Amino acid sequence: MDGSTSQLAGKKAVVAVAQRLLERGARKVYATARRPETVDLPGVEVLPLDITDPASVRAAAEAAPDVSLLINNAGISTGTDLVTGSLDAVRHELETNMFGHLGMVREFLPALARNGGGAIVNVLSAMSWFGGKGANAYHLTKAGAWAMTNGVRLELAEQGTLVTAVHLGLADTDMAAGWPVDKIAPSDLADAALDGVEAGSAEVLADQWSRDVKSRLPLTPEEFNAAMDRALAALLAA
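None of the values given here were measured: they were computed from a predicted structure.

(A) Examining the pairing of strand S5 (residues 119-123) more closely. S5 sits mainly inside the fold: five of its five residues count as buried. Here S5 shows no split at all, with Ala-119, Val-121 and Val-123 on one side and Ile-120 and Asn-122 on the other all buried. As defined by bridge partners, strand S4 (residues 69-73) adjoins S5 across four bridges and the pair is classed as parallel. Note that in S5 the partner of Asn-72 across the bridge is Asn-122. At this point the chain moves from S4, through helix H3 (residues 87-114), to the parallel S5, and the crossover so formed is right-handed. Relative to strand S6 (residues 162-167), S5 runs parallel, the two being bridged by five bridges. Of the residues in S6, the one forming a bridge with Val-123 is Val-166.

(B) Spotlight on the pattern of salt bridges. Counted by the stated rule, this structure contains 11 salt bridges. Between Asp-195 and Arg-24 there is a salt bridge, and its shortest N-O distance comes to 2.8 Å. Pair noted here: Asp-195 is in helix H5 (residues 186-199) and Arg-24 is in the loop between helix H1 (11-23) and strand S2 (29-33), with a separation of 171 residues, a long-range link. Since its relative accessible area comes to 39%, Asp-195 is described here as partly exposed.

(C) Just the environment of Ser-210, in detail. With respect to the element layout, Ser-210 can be found in helix H6 (residues 208-215). Separated by 81 residues in sequence, Ser-210 and Trp-129 have C-alpha atoms that sit 9.3 Å apart. Excluding residues within four positions of it along the chain, Ser-210 makes contact with Ala-126, Trp-129, His-167, Leu-168 and Leu-205.

(D) Main features of the packing of H3 against helix H4 (residues 136-156). Direction vectors running N to C along H3 and H4 enclose 20°, while the axes themselves pass 8 Å from each other. In this view, H3 runs roughly parallel relative to H4, as classed from their interaxial angle. Note on packing geometry: the crossing formed by H3 with H4 is right-handed. Facing Val-90, Glu-93, Leu-94, Asn-97, Met-98, His-101, Leu-102, Val-105 and Leu-109 of H3, the residues of H4 in contact are Ala-137, Tyr-138, Leu-140, Thr-141, Gly-144, Ala-145, Met-148, Val-152 and Leu-156. Residue composition of the contact of H3 with H4, grouped by class: 13 nonpolar, four polar and one charged.

(E) Examining H6 more closely. Taken residue by residue, H6 has Trp-209, Ser-210 and Val-213 as its buried positions. The arc that holds every buried residue of H6, seen down its axis, measures 95°, which confines them to one face. Buried positions along H6 lie against S6, strand S7 (203-205) and helix H7 (221-237).

Here is what the cut-offs are and how they apply
Residues numbered from 1 in each chain as written. Predicted model: local features only at pLDDT ≥ 70, side-chain atom pairs only at ≥ 80, totals over all residues. Heavy atoms only, no water. Buried < 20%, exposed > 50% of the residue type's maximum accessible area, 1.4 Å probe, protein only. Helix = DSSP H or I, 4+ residues; strand = E, 2+ residues; numbered from the N terminus. Pairing = 2+ DSSP bridges. Right-handed = clockwise from strand over helix to strand, strands pointing away. Salt bridge = Lys/Arg side-chain N within 4 Å of Asp/Glu carboxyl O. Contact = heavy atoms within 4.5 Å. Axes fitted to C-alpha atoms, helices over the stretch in contact; angles between N-to-C directions. Parallel < 35°, antiparallel > 145°, perpendicular 65-115°, else oblique. Left-handed = near helix turned anticlockwise from the far one by under 90°. Nonpolar A, V, L, I, M, F, W, Y, C, P; charged D, E, K, R; others polar. Arc of directions from axis to C-beta.

Written as structure tokens, this is what we have:
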């Protein structure tokens, strides 16, 4: 890998994926954060980045012209519902979780093209496929990001850019700190994503939760919702 950049939700995830890239032989690794001083990892070049700010995204792309692997996972969850919640909050989640990732793809595309096509990893969620009260804005944004990822994959096929969607339940990051359930370690998530890239995979289901959720998609909406209710109840009772 000539150069890799990542913006992962939470410092733990940033450090984990950057560390794994270094261990796998990436010649140069960039990590990005709104507060770059919070990321301290030898061998990594840290860039300031706010993916909701087009100028910030453009500056990051200009500072990393040798990137051949782009990993997107910056994200937020505001706990907002679609009908009764704040539309401003819904829009904020969309700007971060979907349009922010698309902006990164668009700005880094010239570098990927120069570097042989490269690869893009969009870290999504099992909530691409299901919602729930208090999290339907998040569901909307992740479903949109999944569709965006699938569309980008089709558009970039001719230039040889691999586009990999990574789905998971919960990772052990700040965003999931309030959930008293089993979570995938950031290092395991990084390994799953990078293994998927090395295998040329269009999709990675990083944990059992994401595999279980996707397996239910052929069900009718009523059957799917009932199955998800049972699964969530069992998860919280464990």
